[in-house]
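Here is what each chain is made of, one letter per residue.
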Amino acid sequence: MLRFPVRHRFLPPSTLLRRVLFSNGTSASSGATASLDPHFLVEYLMNTCGFSADVASKVSKSLPRSQSTEKADAVLGFFRSQGLDDTNLRRILAWKPGLLGWDVETNLAPKFKLLREMGLSESDIIVIVRRHPIVIGSNSENTLLPRFKVWESLLGSKEMLLKHLRRCGWFFSSNIENVVRPNINFLRDECGIPEDRVSLVIKRQPSFITQNPDALRALVDRTAGFGVPRESIMFIWVLNALYRVSREKFEAHVKLMNRFGWSNSEFVAAIQKHPTFLLLSTEALQRKMEFLIKIVGSTPSDIAKHPMVLELSLEKRLIPRFHVMEILKSEGLWTSRYKLHTFFISPGPKFLQKYVLPYKDKLPKLLEVLSIVPEFKGNNPEC
């Protein structure tokens, strides 16, 4: 028989138990079958878990009245023995109050055992249970284990699955047979998108494959309407970007870029080349366009041809590199063959090699400008 410690200091005082345990005055010895006073349930939840009176009242309404606190004490003791603190307990019980009536050895212990058998560490189990208490309510053998294996396969590794579960794992509760598999089959069989290509998106955005199948079909039609061939490598990335951007935000971006001089065809062309600029907030997009056009001197058409520049950080990339450009121009070292988009997009080491190191002795202030930029911190100018 499994035994789990119960920390009695979390229980209400014995005098309180004797005074309010049963609404019909039945002795405590018959508590296994007597009906609990609703007021006692509220105080019990407040004293054992730290619920506020209002929340405890709401939670208590979902609890059965025809049981003693024996099972609840055992459940709380078990959860605490697994490393869950009161904050986590409140989150779990608010989601499923009925857990307090579960049998530890029959319902709870096997689930934690299965999670350990999956290879999860104690800390991983705590994180997953805390963030996704639905795993406790899942049938261990028929639901939890198969779902874990499917997602581990889709994401490529257990480590990748845990990474997403720690961050935001509501996707984990999605229906595999009615949603996930049909979506994968649709993209592969009807759209001609290889599974390994779909997998690249799932690894970055697991919820992409959990969207409603009808919504996914509509999204595919919308993407095709932008002139992106389904066989194109970019099709799946445009599809994912449109999935992550609301219609309202998309329309706001169109209007903004039109004001900056982009035609609708240029907007579509930019999406085809680098769709993730759509994920920027309208405010961030406006600041970058104003900077590139009014300060740097880029043309709207040039930005549309190289939209990747819009995803670069204004403070950490665009502005510092613009200062380097100004210094080079002031010394007559900026030539017309330097293309603006290449200047901003070049990786750090390549940028140093081409635009900074040749002039470091004559213009040490170039390195000073870049010294505060994270991508250049720690770089050895001599390398």
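Residues numbered from 1 in each chain as written. Predicted model: local features only at pLDDT ≥ 70, side-chain atom pairs only at ≥ 80, totals over all residues. Heavy atoms only, no water.

Novice: What is the right way to read the pattern of salt bridges from this model?
Specialist: Pairing between side chains of opposite charge can happen when the charged atoms of each approach one another. According to the stated counting rule, one finds seven salt bridges in the structure shown. Between R80 and D86 there is a salt bridge; the shortest N-O distance is 2.9 Å. With a relative accessible area of 7%, R80 lands in the buried category. On the basis of relative accessible area, D86 is assigned to the partly exposed category, the value being 21%. A salt bridge links D189 to R188; its shortest N-O distance comes to 2.7 Å. (Salt bridge = Lys/Arg side-chain N within 4 Å of Asp/Glu carboxyl O. Buried < 20%, exposed > 50% of the residue type's maximum accessible area, 1.4 Å probe, protein only.)

Novice: Mind showing me how you'd approach the packing of aromatic side chains here?
Specialist: The relative placement of two aromatic rings is captured by the distance of their centres and the angle of their planes. One pass over the full model with this rule turns up 17 aromatic pairs. Considering the side-chain rings of F250 and F267, the 5.6 Å spacing of their centres and the 85° angle between planes classify their relative orientation as edge-to-face. Of this pair, F250 sits in helix 15 (residues 247-259) while F267 sits in helix 16 (residues 264-273); the two residues are 17 residues apart in sequence, bridging distant segments of the chain. With 5.9 Å between their ring centres and 75° between their planes, W262 and F277 make a pair best called edge-to-face. Here W262, found in the loop between helix 15 and helix 16, pairs with F277, found in the loop between helix 16 and helix 17 (282-296); they are 15 residues apart in sequence, far enough to count as distant. Judged by relative accessible area, which is 2%, W262 ranks as buried. Accessibility expressed as a relative area gives 0% for F277, which makes it buried. Ring-pair connections join several aromatic residues into one group, and the members of that group are F226, F250, W262, F267 and F277. Its guanidinium or amino end placed over the ring of W95, K96 lies 5.6 Å from that ring's centre, counting from NZ or CZ. (Phe/Tyr/Trp six-rings, centres within 6.5 Å; stacked < 30°, edge-to-face > 60°. Helix = DSSP H or I, 4+ residues; strand = E, 2+ residues; numbered from the N terminus. Lys NZ or Arg CZ within 6 Å of the ring centre and 35° of its normal.)

Novice: Mind showing me how you'd approach the nonpolar core here?
Specialist: Side chains of a nonpolar character, in soluble globular proteins, are inclined to be buried together. Residues F79, W151, L187, W262 and L310 are the most contacted members of the largest nonpolar core, which totals 114 residues. The element that contributes the greatest number of residues to this core is helix 19 (residues 314-330), accounting for seven residues. Those residues in contact with W151, other than ones at most four positions away along the chain, are L161, F171, F172, I176, V180, I202, P206, I209 and T210. (Core = buried A, V, L, I, M, F, W, Y, C linked by side-chain atoms within 4.5 Å. Contact = heavy atoms within 4.5 Å.)

Novice: Hey, could you run me through the confidence of the model for the protein chain in this one?
Specialist: Low-confidence regions, as indicated by low pLDDT, have predicted coordinates that should not be scrutinised in detail. Of all residues in the protein chain, 84% attain a pLDDT of 70 or more, and the chain-wide mean is 83. Contacts of residues 1-34 to residues separated by more than four positions or lying in other chains number 57 contacts, the stretch itself having pLDDT below 50. This model gives residues 379-383 a pLDDT under 50, and the stretch forms seven contacts once residues within four places in sequence are excluded. (pLDDT = per-residue confidence, 0-100.)

Novice: Just checking my understanding: could you explain the packing of helix 19 against helix 21 (residues 348-356) for this structure?
Specialist: Angle between the axes and distance between the axes: these two values describe a pair of packed helices. At a minimum axis distance of 12 Å, the contact between helix 19 and helix 21 shows a crossing angle of 10°. The orientation of helix 19 with respect to helix 21, classified from their angle, is roughly parallel. Contact with helix 19, carried on its side by R321, V324 and L328, involves G348, F351 and Y355 of helix 21 and no other residues of that element. Split into classes, the residues belonging to the contact of helix 19 with helix 21 amount to four nonpolar, one polar and one charged. (Axes fitted to C-alpha atoms, helices over the stretch in contact; angles between N-to-C directions. Parallel < 35°, antiparallel > 145°, perpendicular 65-115°, else oblique. Nonpolar A, V, L, I, M, F, W, Y, C, P; charged D, E, K, R; others polar.)

Novice: Help me out: how do you make sense of the side chain of H164 in this one?
Specialist: Within the element layout of this structure, H164 appears in helix 10 (residues 158-168). One polar contact links the side chain of H164 to the main-chain carbonyl oxygen of K203, over a distance of 2.6 Å. (Polar contact = N/O pair within 3.5 Å; in protein donor to acceptor, adjacent residues only side chain to side chain.)

Novice: What am I meant to see in helix 15 here?
Specialist: For helix 15, spanning 13 residues, the distance from its first C-alpha to its last is 19 Å, which sits close to the expected 18 Å at 1.5 Å a residue. What helix 15 keeps buried is the set F250, H253, V254, L256 and M257. Buried residues of helix 15, seen end-on, are gathered within an arc of 170° and therefore sit on one face of the element. Of the exposed residues in helix 15, the ones pointing more than 90 degrees away from its buried face are R247, E248, K255 and R259. Buried residues belonging to helix 15 abut helix 13 (213-225), helix 14 (234-244), helix 16 and helix 17. Positive backbone phi, approximately 110°, marks G261, located one or two places after helix 15. (Expected span 1.5 Å × (residues − 1). Arc of directions from axis to C-beta.)

Novice: How do you make sense of the side chain of H253 when you look at a structure like this?
Specialist: In this structure, H253 sits in helix 15. Relative accessible area serves as the criterion here: at 0%, H253 is assigned to the buried category. Of note is the side chain of H253, whose polar atom sits 2.8 Å from the backbone oxygen of L280.

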